[in-house]
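If you want the building blocks of each chain, they are given just below.
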Amino acid sequence: MNEKMEEEEETCNFEDMGLDDRILKAIAKLGWKKPTLIQEKAISLALEGKDILARARTGSGKTGSYVVPIIHKILKIKQRASEQCTKALILAPTRELCSQAQRNIIEMTSCCSRDVKSVDVSTQQPLSVQKPLLTEKPDIVVGTPSRILGHLSEGNLHLKPGLEMVVIDEADLLFSFGYEKDMKELLTHLPESYQAFLMSATLSDDIKALKSMMLHNPVTLKLEEPQLPTIEKLKQFKLRCEEEDKFLTMYALLKCHIVNQFNEGRYEIIIAADETSLENPSNRANNNKNKRFRRRDYESGISRGIDFRNVTTIINFDFPQSVESYIHRVGRTARADARGMSLSLVCMKETARLEEVEKFLLDSYPQGLTEFKFDMEEASGLRYRSETARRSVTKDAIREARRKEIKVEMLNSQKLKTYFEDNPRDLQVLKHDKVLHVVKVQPHLKNVPDYLVPQSLKNTAKYYPMRKSHTLANGKRAFKSRGQARYQKQQADPLKSFSFEPKKKKRRTK
Ligand SMILES: Nc1ncnc2c1ncn2[C@@H]1O[C@H](COP(=O)(O)OP(=O)(O)OP(=O)(O)O)[C@@H](O)[C@H]1O
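As recorded in an unreviewed UniProt entry, the protein chain goes by the name RNA helicase, listed as coming from Helobdella robusta. Under the Sequence similarities (unreviewed entry) heading, UniProt states for the protein chain: "Belongs to the DEAD box helicase family. DDX56/DBP9 subfamily." Of the comments in the UniProt record for the protein chain, the one headed Catalytic activity (unreviewed entry) reads "ATP + H2O = ADP + phosphate + H(+)".

Quick look at the structure:
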């Protein structure tokens with residue numbers, strides 16, 4: 001197989017790529033000023049019709065690098081007024097990744113949504129419910145290999161007449177998620193020739209196998225850029241502490257710092273996520289006897305490649321199990337042209353893993369991760385509080401909190417509204433459902449008196465990038481200050497915003 005390694009060229013703009021005006025408009029709406037390195041290389045090659053195997057670091061804009069040329073080509077094909085058929089197939093290993101690709105397509109077709117239709121079939125609806133969506137022969141179909149295969153086998157989807165492009169996103173995960181057999185079968189449903197794109201963060205053996213299965217004389221784009229953004233864009237900190245002090249540190253950070261910043265409006269959301277064996281999904285597979293469950297489980301995981309937008313800070317409570325996992329966790333921030341920071345808590349037994357990461361990042365971070373200046377002694381006043389807080393987070397308390405959330409979701413659900421109208425007794429039962437376990441609220445822990453706040457946490461705001469990235473393309477800020485939010489809420493409430501000005505009496509002119 002002939003391969004060409006692309007050489008670095010001068011940077012260019014989206015306008016120089018000869019893209020359809022409607023795409024350029026959508027790109028401007030998104031506020032993308034210039035293509036990322038991978039987009040710069042891949043888009044023009046894709047427009048030339050080349051098969052592409054692209055390896056680029058996480059957050060480098062790989063999705064845009066295939067979505068843009070696909071839409072451009074579809075718009076071109078449509079000018080020839082050809083018969084409606086599915087022209088592009090996008091495969092990704094999880095539902096979240098599929099919906100992310102679909103979101104990108106929707107954003108990129110915002111100025112040509114009538115001309116380019118796309119459907120994401122990875123959602124959990126039964127195949128029969130999705131069938132009508134496919135009857136329209138959408139231009140782009142997105143899905144996990146198993147869902148696509150399901151629709152092909154049911155005869156809901158036909159790819160042989162007219163399919164021109166196939167993408168496999170996060171391709172290196174596909175086989176480890178157990179899709180090898182599905183992929184082989186899926187290939188039998190594809191036409192003889194099509195343009196293919198394999199997008200991956202690594203070039204593993206699985207990728208080589210996929211490459212020989214799918215690509216014809218591909219261009220390999222192996223961008224020689226560091227795995228993480230430069231030190232100017234991404235500040236990486238480490239804090240060494242005893243394992244048992246991690247909760248105390250986290251408590252101090254959360255209670256005295258992060259929550260304050262949250263209340264000041266610096267963040268809108270704090271996400272806590274565990275890492276369900278992200279490093280090696282096959283481990284999870286071995287522990288699961290039920291294959292059906294396993295597949296379902298994989299498809300719903302918060303995993304690599306998920307693009308949480310505008311993440312400013314990543315905190316690694318447990319140090320990641322491998323270099324790869326570190327890269328992917330920290331890579332959730334400072335994506336594309338944004339900035340961010342990470343803080344890793346490192347206990348004695350994790351030191352070796354930290355050293356591995358620092359060795360790996362040596363070229364771009366020669367000094368290693370920066371020490372986060374925090375004196376554990378200063379936090380000792382919080383020890384009692386952190387222990388009390390920790391003891392109150394029991395399994396029962398978590399279950400009860402989750403139950404409450406689900407109940408609120410059900411009561412507010414539009415989909416269940418008609419069901420509850422038909423079955424009012426069920427609604428009453430749900431409303432009066434008894435709490436099984438009372439979660440003790442400890443009001444004295446609510447506020448931390450100033451004398452307990454560690455000195456070093458009183459003035460750390462400078463580490464956290466202000467949310468400049470939340471500025472929208474139209475120049476407006478994407479978040480509201482508390483004052484603004486209060487004002488808008490008040491304005492929305494007719495009882496509060498109502499104003500009455502009595503009509504001025506006309507003076508009688510004599
Ligand atoms: N040219 C650009 N300018 C500014 N932002 C961009 C550009 N291209 C993509 N982005 C934004 O950067 C973020 C990361 O893009 P994307 O998810 O495509 O990265 P990725 O390389 O696929 O990462 P991963 O491997 O983790 O999935 C997205 O929020 C996207 O909207």
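A.B. asks: Kindly report on the overall build of the protein chain, identifying the contributing residues and their values.
C.D. replies: In terms of regular secondary structure, the protein chain is built from 20 helices and twelve strands. Buried positions account for 45% of the 510 residues belonging to the protein chain. Accessible area for the protein chain stands at about 29,600 Å²; split by element, carbon and sulfur atoms hold 52% of it.

A.B. asks: Just give me the short version of the sheet that holds strand 12 (residues 370-371), but keep the residues and values in it.
C.D. replies: Within the open sheet, the four strands sit side by side as 10-11-9-12. Their pairing is parallel. Only two strands of the sheet have a single neighbouring strand rather than two, namely strand 10 (313-316) and strand 12. Bridging between strand 10 and strand 11 (residues 340-346) involves four bridges; their strand directions are parallel. Counterpart to T313 in the pairing with strand 11 is M341. Where helix 13 (residues 323-330) meets the sheet, it contacts strand 9 (234-240), strand 10 and strand 11, and its direction lies at approximately 145° from that of strand 10.

A.B. asks: Tell me what's going on with the nonpolar core, and back it up with residues and numbers.
C.D. replies: Residues Y66, I70, I71, I90, I140 and F197 are the most contacted members of the largest nonpolar core, which totals 41 residues. Ranked by residue count, the leading element in this core is helix 3 (residues 62-79), at seven residues. Not counting chain neighbours up to four residues away, the residues in contact with Y66 comprise I90, A101, V167, D169, F197 and M199.

A.B. asks: Can you lay out the pattern of salt bridges for me, pointing to particular residues and giving the numbers?
C.D. replies: Following the criterion strictly, the structure yields 14 salt bridges and no others. Here E358 ties to K238 by a salt bridge, and the two come within 2.8 Å at their closest N and O atoms. Placement of the pair is E358 in helix 14 (residues 351-360) and K238 in strand 9, with a sequence separation of 120 residues. Judged by relative accessible area, which is 6%, K238 ranks as buried. Across the salt bridge formed by E243 and K349, the nearest N and O atoms sit 3.1 Å from each other. Of this pair, E243 sits in the loop between strand 9 and helix 10 (246-264) while K349 sits in the loop between strand 11 and helix 14, and the two are 106 residues apart along the sequence.

A.B. asks: Would you mind going over the environment of T351 in detail, with residue names and values included?
C.D. replies: Note that T351 resides in helix 14. Residues T351 and F319 lie 32 residues apart in sequence; the distance between their C-alpha atoms is 8.9 Å. In this structure T351 touches R240 and V346, once residues within four positions along its chain are discounted.

A.B. asks: How would you sum up the confidence of the model for the protein chain? Please name residues and give values.
C.D. replies: This prediction gives the protein chain a mean pLDDT of 78; 73% of its residues lie at or above 70. The low-confidence segment residues 1-9 (pLDDT under 50) makes 24 contacts with residues lying over four places distant or belonging to another chain. Low pLDDT (under 50) marks residues 276-303, which in the prediction has 41 contacts with non-local residues, meaning those over four places away or in another chain. With a pTM of 0.63, the predicted complex shows an ipTM of 0.95.

A.B. asks: I'd like to hear about the pairing of strand 2 (residues 52-55), residue by residue, with values.
C.D. replies: Side chains of strand 2 alternate between two faces, with I52 and A54 and L53 and R55 buried alike. Two elements, strand 2 and strand 7 (residues 195-200), share four bridges in a ladder whose sense is parallel. Bridge pairing in strand 7 places A54 opposite M199. As paired strands, strand 2 and strand 8 (residues 219-222) are joined by four bridges and run parallel to one another. Note that in strand 8 the partner of I52 across the bridge is V219.

A.B. asks: Which residues make up the pairing of strand 6 (residues 165-168), and what values go with them?
C.D. replies: Alternating positions in strand 6 separate into two faces, M165 and V167 on one and V166 and I168 on the other, with burial throughout. Where strand 3 (residues 88-91) and strand 6 come together, four bridges link them in parallel fashion. Across the sheet, the residue bridging to L89 is V166, located in strand 6. Taken together, the four bridges between strand 6 and strand 7 define a ladder with parallel strand orientation. Looking at strand 7, one finds that V167 is bridged to F197.

A.B. asks: Can you break down unusual backbone geometry residue by residue, with the values?
C.D. replies: Unusually for a residue other than glycine, K137 sits at a positive phi of about 50°. Among the secondary structure elements, K137 is positioned in the loop between helix 5 (127-135) and strand 5 (140-143). In this structure K137 comes out as partly exposed when scored by relative accessible area, which is 40%. With phi around 45°, E170 is a residue other than glycine that occupies positive phi space. Mapping E170 onto the fold places it in the loop between strand 6 and helix 7 (171-174).

A.B. asks: Run through the packing of aromatic side chains, naming residues and quoting values.
C.D. replies: By convention here, two paired aromatic rings are described through the distance between centres and the angle between planes. In total, this model carries five aromatic pairs according to the counting rule given. With a centroid separation of 5.6 Å and an interplanar angle of 25°, the aromatic rings of F319 and Y326 are classed as stacked. Classification of F319 by relative accessible area gives buried; the value is 1%. When the ring of Y419 is compared with that of F420, the centres are 5.8 Å apart and the planes differ by 65°; the resulting orientation is edge-to-face. One residue, K246, lies across the ring of F317, its end atom 5.8 Å from the ring centre.

A.B. asks: Residue-level account of the environment of F374, with values.
C.D. replies: Here F374 lies in the loop between strand 12 and helix 15 (383-392). For the pair F374 and R240, spaced 134 residues apart in sequence, the C-alpha separation works out to 9.4 Å.

Rules behind the numbers
- Residues numbered from 1 in each chain as written.
- Predicted model: local features only at pLDDT ≥ 70, side-chain atom pairs only at ≥ 80, totals over all residues.
- Heavy atoms only, no water.
- UniProt positions renumbered as here; feature names shortened; annotations may be inferred.
- Helix = DSSP H or I, 4+ residues; strand = E, 2+ residues; numbered from the N terminus.
- Buried < 20%, exposed > 50% of the residue type's maximum accessible area, 1.4 Å probe, protein only.
- Areas by Shrake-Rupley, 256 points an atom, 1.4 Å probe, with all protein chains shown as cover.
- Pairing = 2+ DSSP bridges.
- Contact = heavy atoms within 4.5 Å.
- Axes fitted to C-alpha atoms, helices over the stretch in contact; angles between N-to-C directions.
- Core = buried A, V, L, I, M, F, W, Y, C linked by side-chain atoms within 4.5 Å.
- Salt bridge = Lys/Arg side-chain N within 4 Å of Asp/Glu carboxyl O.
- pLDDT = per-residue confidence, 0-100.
- Phe/Tyr/Trp six-rings, centres within 6.5 Å; stacked < 30°, edge-to-face > 60°.
- Lys NZ or Arg CZ within 6 Å of the ring centre and 35° of its normal.

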